[in-house]
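Take a look at the letters that make up each chain.
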Amino acid sequence: MTDSGSNDSPELLSVTQTAKLLNVTRQRIHDLIKNGQIIACKLGRYYYIEVAEVERYKNQPTGKPYQPRSTTSEELSIDN
């Protein structure tokens, strides 16, 4: 007998389910897969994403890293 409740296989989400979780469109999910920002597996003609991969993507920092402005003033000179 096999244990059908084993946790050996990861839970997979469809592109639509992933889009709803991330509050984006399905096309955006396909773009993220194409760009390698989300890793997905293709079964037949559909992509599936592991729940852990969605969590990894959600926890990524967004935007540019913070860089404080310089407090010293630099003089610009134009030489003719």
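Residues numbered from 1 in each chain as written. Predicted model: local features only at pLDDT ≥ 70, side-chain atom pairs only at ≥ 80, totals over all residues. Heavy atoms only, no water.

Visitor: Talk me through the packing of helix α1 (residues 15-22) against helix α3 (residues 51-58); I want residue IDs and the actual numbers.
Guide: In the contact formed by α1 and α3, the axes pass within 11 Å of each other and the chain directions differ by 30 degrees. As summarised for this structure, α1 and α3 are arranged roughly parallel, according to the angle between their axes. You can see that α1 and α3 cross each other, and the crossing is right-handed. The residues of α3 that touch α1, namely those facing Thr18, Leu21 and Leu22, are Val54, Tyr57 and Lys58. (Axes fitted to C-alpha atoms, helices over the stretch in contact; angles between N-to-C directions. Helix = DSSP H or I, 4+ residues; strand = E, 2+ residues; numbered from the N terminus. Parallel < 35°, antiparallel > 145°, perpendicular 65-115°, else oblique. Left-handed = near helix turned anticlockwise from the far one by under 90°. Contact = heavy atoms within 4.5 Å.)

Visitor: Explain helix α2 (residues 26-34) residue by residue, including any values.
Guide: Listing the buried residues of α2 in full gives Ile29, Leu32 and Ile33. Mapping the buried residues of α2 onto a view down its axis gives an arc of 100 degrees, with all of them on the same face. Summarising the geometry of α2, the exposed residues directed more than 90 degrees from the buried face are Gln27 and Lys34. Positive phi shows up at glycine 36, right after α2, with a value of about 80 degrees. (Buried < 20%, exposed > 50% of the residue type's maximum accessible area, 1.4 Å probe, protein only. Arc of directions from axis to C-beta.)

Visitor: Outline α1, supporting the account with residue identities and numerical values.
Guide: Every buried residue of α1 is listed here: Val15, Thr18, Ala19 and Leu22. The buried side chains of α1 occupy one side of the element, clustering within an arc of 100 degrees when seen end-on. Of the surrounding secondary structure, the elements contacted by the buried residues of α1 are β1 (12-14), α2, β3 (46-50) and α3. One or two positions beyond α1, positive phi appears at asparagine 23, with a value near 60 degrees.

Visitor: Account for the sheet that holds β1, naming residues and giving values.
Guide: As summarised here, the arrangement of the three strands in space is β1-β3-β2, forming an open sheet in which the pairing is antiparallel. The sheet terminates laterally at β1 and β2 (41-43), the two strands that pair on one side only. When strand polarity is set aside, the average angle formed by the axes of neighbouring strands in this sheet is 45 degrees. Judged from the three bridges that link them, β1 and β3 form a sheet pairing that is antiparallel. (Pairing = 2+ DSSP bridges.)

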